[in-house]
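Now for the letters of each chain:
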Amino acid sequence: MAMNMAGSAGGGGGRRGRRRAAVMAEINVTPMVDVMLVLLIIFMVAAPLMTSSIDIDLPIASGGKQIQANAPPLTLSVKRTGGTCNSNVELYLGDSPIPANELLAKITAIKETRSEAERVVYLRGDKDVCYTDMMKLLGYIRQAGFKANIVIVPEGGS
């Protein structure tokens, strides 16, 4: 008789243990959702900061406005590396360096792949680049059939 009671107590304990296991099988997704929302916010903040990897010190001027376009714009960056006017500048088309003598041929070839509305080049010039270098590049851009927008930092830091 004592064995029967021990057996039934063990069986009852086993049933209770199974109920507990069924409750533990449910997954609490709240912490996972919290982590995913934090990661989403981090990537939303970090994504606009990663648009251009070339460090250029843009000049400050009035009349600047935010660039808004459907397609990613064609960007030509000019960085002064030293010397005086008409000397050392580095050119970047997008994020890749390009020699000055290949620039006209390259953007002329790109023009054929773009529609009329997308034929705009955003010219990002370091504030220490000489005026003559910038005008020479504007001439190349116009000669290739593009419109040119010079990128500046608006006054007031907005």
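Basis of the calculations
- Residues numbered from 1 in each chain as written.
- Predicted model: local features only at pLDDT ≥ 70, side-chain atom pairs only at ≥ 80, totals over all residues.
- Heavy atoms only, no water.
- Helix = DSSP H or I, 4+ residues; strand = E, 2+ residues; numbered from the N terminus.
- Buried < 20%, exposed > 50% of the residue type's maximum accessible area, 1.4 Å probe, protein only.
- Contact = heavy atoms within 4.5 Å.
- Areas by Shrake-Rupley, 256 points an atom, 1.4 Å probe, with all protein chains shown as cover.
- Core = buried A, V, L, I, M, F, W, Y, C linked by side-chain atoms within 4.5 Å.
- Pairing = 2+ DSSP bridges.
- Lys, Arg positive; Asp, Glu negative; His and termini not counted.
- Salt bridge = Lys/Arg side-chain N within 4 Å of Asp/Glu carboxyl O.
- Polar contact = N/O pair within 3.5 Å; in protein donor to acceptor, adjacent residues only side chain to side chain.

J.: Could you give me a rundown of the overall build of the protein, with the residues and numbers involved?
T.: In terms of helices and strands, the protein carries four helices and seven strands. Tracing the protein from N to C terminus, the helices and strands come up as α-α-β-β-β-β-α-β-α-β-β. Counting all 158 residues of the protein, 24% fall into the buried class. Contacts in the protein between residues at least 24 apart in sequence constitute 70% of all its contacts with a sequence separation of at least 6. As displayed, the protein offers around 11,600 Å² of accessible surface, 59% of which is attributable to carbon and sulfur atoms.

J.: Kindly report on the environment of Ile152, identifying the contributing residues and their values.
T.: Relative to the helices and strands, Ile152 resides in the loop between β6 (147-151) and β7 (153-154). C-alpha separation for the pair Ile152 and Ser62, spaced 90 residues apart in sequence, amounts to 8.5 Å.

J.: With reference to specific residues and values, describe the nonpolar core.
T.: Formed by 19 residues in total, the largest nonpolar core has its most connected members in Leu76, Ile107, Leu123, Ile141 and Phe146. For this core, the elements supplying multiple residues, two or more each, are β2 (74-82), β3 (88-93), α3 (100-111), β5 (120-125) and α4 (131-143). Per-element tally for this core: the top contributor is α4, with four residues. With residues near it in sequence (within four places) discarded, Leu76 still touches Leu91, Tyr92, Leu93, Leu103, Val121, Tyr122, Leu123, Arg124, Leu137 and Ile141.

J.: So what about the pairing of β3? Which residues, and what values?
T.: Here β2 runs beside β3; their pairing, made up of six bridges, is antiparallel. Looking at β3, one finds that Leu76 is bridged to Leu93. Two strands pair when backbone bridges link them, and β3 and strand β4 (residues 96-97) are joined in this way by two bridges, in the antiparallel orientation. Paired with Tyr92 across the strands is Pro97, a residue of β4. Joining the antiparallel neighbours β3 and β4 is a turn of two residues, in which Gly94 adopts a positive phi near 70°.

J.: I'd like a rundown of the side chain of Arg124, residues and numbers included.
T.: On the secondary structure map, Arg124 appears in strand β5. Buried and without a salt bridge, Arg124 has Asp95 as its closest oppositely charged side chain, separated by 6.5 Å. Within the structure, Arg124 has its side chain in polar contact with the side chain of Ser77 (distance 3.0 Å).

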